[in-house]
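Chain and residue survey
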Amino acid sequence: MEELIWLIPALPLAGALLLVVAGRRLGEPVAGLVATGATLGSFALALGMFANLVSLDEHERILTQRLFTWVPAGSFSVDMGFLLDPLAMTMVLFVTGVGALIHIYSIGYMHGDPRFHQFFLYLNLFVASMLLLVLGDNMLLTFLGWEGVGACSYLLISFWFEEEANASAGKKAFVTNRIGDWGFMVAMFFTFTTFGTLQYAEVLTGASSLAETTATAIALLLFVGAVGKSAQIPLFIWLPDAMAGPTPVSALIHAATMVTAGVFLMVRTSPILVEAADWVPTTIATVGALTALVAATIAVAQNDIKKVLAYSTVSQLGYMFLAVGTGAYVAAIFHMVTHAFFKALLFLGSGSVIHGMGDEQDMRRMGGLRRFMPVTAVTFIIGWLAIAGVPPLAGFWSKDEILLGAWEESPVLWAMGLLTALLTAFYMSRQVFLTFFGEPRWSLEGDGDAAVDPAAGMPGDELPEPKPAGFHPHESPWSMTMPLVVLAFLAVVAGGLNLPFSKDLHFLESWLEPSLFGNGHHSTAEGSEKVALAVVAIAAGLAGIAGAAVLYLKRRGRPATVEAAVLRRGWYIDSSVTWFMGGPGRAAFDAVAWFDRTVIDGAVNGVGAAVRLVGTGVRPMQSGYVRTYALTLGLGALAVLVLVLSRVAI
């Protein structure tokens, strides 16, 4: 089976190439079916590979395939090769599986778009890049996929580039990620200098011999790369703006692919993190906990249905980095998998709502949609309960493992994670109540002077225009609701991957063991302590749900007390960065450009001008006349003779 590993990324890549050549002629829906078939083919092949790995002995579940030498440059040589181990297999399964569902959903969502085929071309290329990232057997091949998903994110986020905001959002994602990419690149330079290779097999097995200083430098630089790609503070500002792209793009980027790359990189290189100074994992955990908490506070005041989910993604990624920093690598991957299911469900569900509401995204113009969109409502509610940490849904089990690891590392980190859990339950409940419950708010009540706006007085910026009289929301077509049903089922059962009741039920932990080299958090907490922590976490989630119910269903209290302007504007972090980059930052860049243009280029150009001036001065001496040269030669000989005679006389 290892001889077929290359087909997993090759199938979506082939689909993209076919759409480049014949996409326009294939048109709608054939172009979408081709792209979907390519991704489904990868998923089917991945299932076969998974069955093959399961059949092998635990310590033999590492398959490699070398295709050819990619970069032969003296002592530096990089192969085009693939590494399929339990960690990569886990990533491949949910990237291709969830990716295929998003492709199916997109066929209905993008119906009628004039660039239908181009959208699916980008989707296939995105999936191929992500598969290359997780399957690469060396850092450079991972970096190739890393850059591939970055480029595809730019193309997909700014897909509707006719609107300036969409184009700007794409550029913002691209530029912000370049900062993180710098960290990954320099980490590769350090790694090659230290090991003489970039192959994971040699780097990770040799990590135990690293000096602490070297391991610390490489780990920190890899973390910088992960912070950019997985949207941690301070580089998270690009992710909320990524909502400018079509909703399937949001689901693909936020749930199954790009943003999980940073977490994957951290877990893949865990042997290096273990050898780094103790303050490095503490820094990772602190940044993760802070990101989770800050993003959750921002989400409570957003009115755009997709913006709530965007900040939720940032927050959940913070949870994953909290797990990585506390050494709970299995919990990080566990939450990554469950998050892929319920967050893809929520994003696709929001897209279904937007589709049924005639492109409306402001939740203040929704309400009561469960009666008009029953399938979307039921599946969305399942996703809500999963992310809110309500047992026995998937999100509860994975989040509980992270909180347990945080508790054993630091009560402060645990408290930050617990408060984030409460806020998560609150803002997701607020979203569900405003969207699917209560009275409809999409049109005015009454006629003429007697008309009343049901959404008047709700906190936020200016309300969008109400829908015309007679407007009725509608359920989405089967191509959009079928993926919702599948994802809802997965959001319910995925917690069974790693149940805490006994070692025999730690399926994911046993599965990932060969990829973690014996590293990772192993809980020493007593059973009663675990139960108490779980009860506290459940209570926090239920308190968040109850608080939102009182405020938005019972209408007791003022939402404005929670939805403060400072939260609605994201603590002014994004606007502050924008101000700096457009003000002092731009002035500093202009000063650097002036110095380069005037001083550096001036010195180089000055040397050239001086040489030209000297040449112009001596040019008359080179007249081209032989008699002139003969006269000069004679005068020179005479001068030499006079000099010699004067020396002899002395």
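Given the structure is predicted, the values throughout are model-derived calculations rather than measurements.

1. Details of the overall build of the chain
Across its full length, the chain holds 25 helices and two strands. Taken over the C-alpha atoms alone, the chain extends approximately 120 × 70 × 55 Å along its principal axes. When burial is assessed residue by residue, the chain has 54% of its 650 residues classed as buried. In the chain, of all internal contacts separated by at least 6 residues, the share reaching a separation of at least 24 is 79%. Across the chain, the 35 positively charged side chains and the 47 negatively charged ones have centroids separated by 10 Å.

2. A word on helix 15 (residues 329–356)
Relative to the 40 Å expected for 28 residues at 1.5 Å per residue, helix 15 spans 40 Å between its end C-alpha atoms, a close match to the ideal helical length. The element helix 15 is largely enclosed, with a buried count of 27 among its 28 residues. Following helix 15 by one or two positions, glycine 358 has its phi on the positive side, about 65 degrees.

3. Structural notes on the packing of aromatic side chains
For the structure on display, the rule yields 20 aromatic pairs. Ring centres 5.2 Å apart and planes at 65 degrees place the aromatic pair phenylalanine 50 and tryptophan 511 in the edge-to-face group. Here the residue phenylalanine 50 occupies a position in helix 2 (residues 30–55), and tryptophan 511 occupies one in helix 20 (residues 507–516), the gap between them amounting to 461 residues. Look at phenylalanine 50 and you get partly exposed, because its relative accessible area is 30%. Judged by centre distance (5.3 Å) and plane angle (90 degrees), the ring pair of phenylalanine 143 and phenylalanine 184 falls under edge-to-face. Taken as a pair, phenylalanine 143 in helix 5 (residues 139–157) and phenylalanine 184 in helix 6 (residues 164–195) lie far apart in primary sequence, 41 residues in all. Neither residue differs from the other here; phenylalanine 143 and phenylalanine 184 are each classed as buried. Here the aromatic cluster, defined as three or more aromatic residues joined through ring pairs, consists of Phe116, Phe119, Phe120, Tyr122, Phe159 and Trp160. Sitting above the plane of the phenylalanine 159 ring, arginine 115 keeps its charged end 4.2 Å from the centroid. Geometry around phenylalanine 174 places arginine 178 over its ring, the cationic atom sitting 4.2 Å from the centre.

4. Concerning the packing of helix 15 against helix 17 (residues 394–409)
Each pair of packed helices gets described by two things: the angle between the helix axes and the distance between those axes. The contact between helix 15 and helix 17 brings their axes to 9 Å, and the two run at 155 degrees. As far as their axial angle goes, helix 17 and helix 15 are roughly antiparallel. Where helix 15 crosses over helix 17, the two elements pack in a sense that is left-handed. Two secondary-structure elements touch here, helix 15 through Ala331, Phe334, His335, Thr338 and Phe342 and helix 17 through Ala394, Gly395, Trp397, Ser398, Lys399, Glu401 and Ile402. Grouping the constituent residues of the contact of helix 15 with helix 17 by class yields six nonpolar, four polar and two charged.

5. Some thoughts on the pairing of strand 1 (residues 63–73)
Relative to strand 2 (residues 76–84), strand 1 is paired through nine bridges, and the arrangement is antiparallel. Each bridged residue has a counterpart across the sheet, and for leucine 63 the counterpart in strand 2 is leucine 84.

6. Examining a nonpolar patch on the surface
A surface patch of nonpolar side chains, amounting to about 600 Å² of accessible area, comprises Leu631, Leu635, Leu638, Leu641, Val642 and Leu645. Among the structural elements, leucine 645 can be located in helix 25 (residues 626–649). With relative accessibility at 52%, the residue leucine 645 sits in the exposed group.

7. Here we look at the side chain of glutamate 360
For glutamate 360, the location among the structural elements is in the loop between helix 15 and helix 16 (374–387). Although glutamate 360 is buried, it forms no salt bridge, and the closest oppositely charged side chain is lysine 467 at an N-O distance of 4.4 Å. A polar contact is formed between the side chain of glutamate 360 and the backbone nitrogen of aspartate 362, at a distance of 3.0 Å.

8. Here's the deal with the environment of threonine 213
Examined against the element boundaries, threonine 213 turns out to sit in helix 8 (residues 212–229). Note on threonine 213: relative accessible area 66%, which makes it exposed. Separated by 198 residues in sequence, threonine 213 and glycine 15 have C-alpha atoms that sit 45 Å apart.

9. As for the pairing of strand 2
Here strand 2 lies mainly inside the structure; seven of its nine residues are buried. A loop of two residues connects strand 1 with strand 2, the two strands running antiparallel in sequence, and glycine 74 in this loop sits at a positive phi of about 65 degrees.

10. Some details on unusual backbone geometry
The linkage connecting isoleucine 233 with the following residue, proline 234, adopts the cis geometry, with an omega of 5 degrees. Within the secondary structure, proline 234 sits in the loop between helix 8 and helix 9 (238–241). With an omega dihedral of 5 degrees, the bond running from proline 391 to proline 392 counts as a cis peptide bond. Residue position: proline 392 is located in the loop between helix 16 and helix 17.

11. As for the packing of helix 16 against helix 19 (residues 478–493)
Interaxial distance between helix 16 and helix 19 falls to 9 Å at its minimum, and their mutual angle equals 30 degrees. It follows from the interaxial angle that helix 16 and helix 19 lie roughly parallel. Relative to helix 19, helix 16 is oriented so that their crossing is left-handed. Of helix 19, the residues touching helix 16 (which contributes Val375, Thr376, Thr379, Ile382 and Ala386) are Thr481, Leu484, Val485, Ala488, Ala491 and Val492. Its residues assigned to classes, the contact of helix 16 with helix 19 shows eight nonpolar, three polar and no charged.

12. A closer look at the side chain of histidine 335
Structurally, histidine 335 is set in helix 15. Residue classification places histidine 335 among the buried residues on the basis of a relative accessible area of 0%.

13. Remarks on helix 24 (residues 584–618)
Between its first and last C-alpha atoms helix 24 spans 49 Å; for 35 residues at 1.5 Å apiece the expected length is 51 Å, and the two agree. Of all the bends in helix 24, the greatest measures close to 40 degrees and is centred on glycine 602.

14. What about the environment of glutamate 202?
One can find glutamate 202 in helix 7 (residues 200–205). For glutamate 202, a relative accessible area of 47% gives the class partly exposed. For the pair glutamate 202 and glutamine 316, spaced 114 residues apart in sequence, the C-alpha to C-alpha distance is 32 Å. Once residues within four sequence positions are removed from consideration, glutamate 202 is found in contact with Phe195 and Thr197.

The rules we used
- Numbering of residues starts from 1 in each chain and follows the order in which that chain's sequence is written.
- Owing to the predicted nature of the model, reporting of local features is limited to residues with pLDDT of at least 70; listing and counting of side-chain atom pairs is limited to 80 or more, with chain, interface and lining totals taken over all residues.
- Side-chain descriptors were evaluated using all non-hydrogen atoms of the structure, hydrogens and water having been removed beforehand.
- Secondary structure elements are defined from DSSP: runs of H or I of at least 4 residues count as helices, runs of E of at least 2 residues count as strands, and each element is numbered from the N terminus.
- Accessibility here uses a 1.4 Å probe with only protein chains present; expressed as a share of the type maximum, an area under 20% marks a residue as buried, one over 50% as exposed, and anything in between as partly exposed.
- Any pair of residues with heavy atoms lying within 4.5 Å of one another is described as a contacting pair.
- Neither His nor the chain ends is counted toward charge; the positive residues are Lys and Arg and the negative residues Asp and Glu.
- Working definition for charges: the position is that of NZ of Lys, CZ of Arg, CG of Asp or CD of Glu.
- Each helix should span, by expectation, one fewer than its residue count multiplied by 1.5 Å.
- Whether two aromatic rings pair depends on their centres lying within 6.5 Å, for rings of Phe, Tyr and Trp, where Trp uses its six-membered ring; planes under 30 degrees apart make the pair stacked, over 60 edge-to-face, and the rest tilted.
- Should the NZ of a Lys or the CZ of an Arg lie within 6 Å of a ring centre and within 35 degrees of the ring normal, that charge is described as sitting over the ring.
- Throughout, an axis means a line fitted to C-alpha atoms (over the contacting stretch in the case of helices), and angles, computed between N-to-C directions, take values from 0 to 180 degrees.
- Just so you know how the angles are binned, under 35 degrees is roughly parallel, over 145 roughly antiparallel, 65 to 115 roughly perpendicular, and the rest oblique.
- Left-handed describes a crossing whose near helix is turned anticlockwise from the far helix through less than a right angle; right-handed describes the clockwise counterpart.
- Each residue gets one of three labels, nonpolar for Ala, Val, Leu, Ile, Met, Phe, Trp, Tyr, Cys and Pro, charged for Asp, Glu, Lys and Arg, and polar for the others, Gly among them.
- Strands qualify as paired when DSSP identifies two bridges or more between them.
- Put simply, a patch holds well-exposed residues, over 30% relative accessible area, that have no salt bridge, with like charges counted together within 9 Å and Val, Leu, Ile, Met, Phe, Trp or Tyr side chains within 5 Å.
- Each accessible area is a Shrake-Rupley estimate made with a 1.4 Å probe; only the visible protein chains count as cover when residues are assessed.
- Only one rule defines a salt bridge in this text: a Lys or Arg side-chain nitrogen within 4 Å of an Asp or Glu carboxyl oxygen.
- In the analysis that follows, any N or O atom pair within 3.5 Å is treated as a polar contact, provided that within protein one partner can donate a hydrogen and the other can accept it, and provided that, for residues neighboring in sequence, both atoms belong to side chains.
- Consider a residue and the seven residues that end there alongside the seven that start there; fitting an axis to each set, the bend is the angle between those axes.

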